[in-house]
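Residue-level listing of the chains:
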Amino acid sequence: MGTTPVIGVLALQGDVREHLIALAAADAVARPVRRPEELAEVDALVIPGGESTTISKLAVLFGLLAPLRERVRGGMPVYGTCAGLILLADKILDPRSGQETIGGIDMIVRRNAFGRQNESFEASVEVAGVGPVEGVFIRAPWVESVGAEAEVLAEHEGHIVAVRQGDVLATSFHPELTGDHRMHGLFVEMVREKAAAGSR
């Protein structure tokens, strides 16, 4: 991989366009990913918000769930926002019928923990290594607990809303909706560091 990482956005549902724009603003080549062959061509992946049950079922339908799990286990950097955070959890506290996760972070999450759509809100969140960011919470989950390998990056009102474990990053909120690209910048830097480590 060259100096500019190629980062895919899982384009099954959710804020795909906004993530593509944010990644491009953070100096990455951004591509939508809908098929296994497209996943194979990217260095990293963003899993956007949306409806986590629907995304997991569509991932099965498009033949992507198994390749996603394989790439994440193999060390591909991934960033999940909102529903993406749920999909990157090793365990969901209250899963819907038929809902599966990709896994990657040793954490337990609670779906819709901050309330329903009409209870969506914005709040300033202090993210370790980034600073204060405007968090947009839409039917957002929170992290109930994390394992020893997972690092808590941010909390809101006592609830964990940003976590990193190795090359996997996840936030309860939607940074792609604010015009502030620092969270995507953090992820792009993670991808660059991974590539640099691999080339040594």
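Refer to the preceding data block for the structure.
As a starting point, this report considers the structure included with it. Just so we're clear, the structure is a prediction, and the values are computed from it rather than from any experiment.

## Points about the pattern of salt bridges
- A full pass over the atoms with the stated rule returns nine salt bridges.
- A salt bridge links glutamate 37 to arginine 35; the nearest nitrogen and oxygen atoms lie 3.1 Å apart.
- For arginine 182, the salt bridge goes to aspartate 180, with nearest N and O atoms at 2.6 Å.
- The exposure class of arginine 182 is partly exposed, given its relative accessible area of 35%.
- Where salt bridges share partners, they join Arg35, Glu37 and Glu38 into one cluster.

## Section: the nonpolar core
- Grouped together as the largest cluster of nonpolar side chains are 33 residues, with contacts concentrated most on Leu10, Leu39, Leu45, Ile47, Met107 and Val109.
- Per element, the largest residue contribution to this core is four residues, and it comes from helix α5 (residues 83–87).
- If we skip the residues at most four places from it in the chain, valine 109 touches Leu85, Ile86, Ala89, Lys91, Ile92, Leu93, Asp94, Trp142, Val143 and Glu144.
- Counting residues in each nonpolar core, the second largest holds 31 residues, with Val16, Val125, Phe173 and Met190 among its members.

The rules we used
- Residues numbered from 1 in each chain as written.
- Predicted model: local features only at pLDDT ≥ 70, side-chain atom pairs only at ≥ 80, totals over all residues.
- Heavy atoms only, no water.
- Salt bridge = Lys/Arg side-chain N within 4 Å of Asp/Glu carboxyl O.
- Buried < 20%, exposed > 50% of the residue type's maximum accessible area, 1.4 Å probe, protein only.
- Core = buried A, V, L, I, M, F, W, Y, C linked by side-chain atoms within 4.5 Å.
- Helix = DSSP H or I, 4+ residues; strand = E, 2+ residues; numbered from the N terminus.
- Contact = heavy atoms within 4.5 Å.

Remember that the coordinates give geometry; whether it matters functionally is a separate question.
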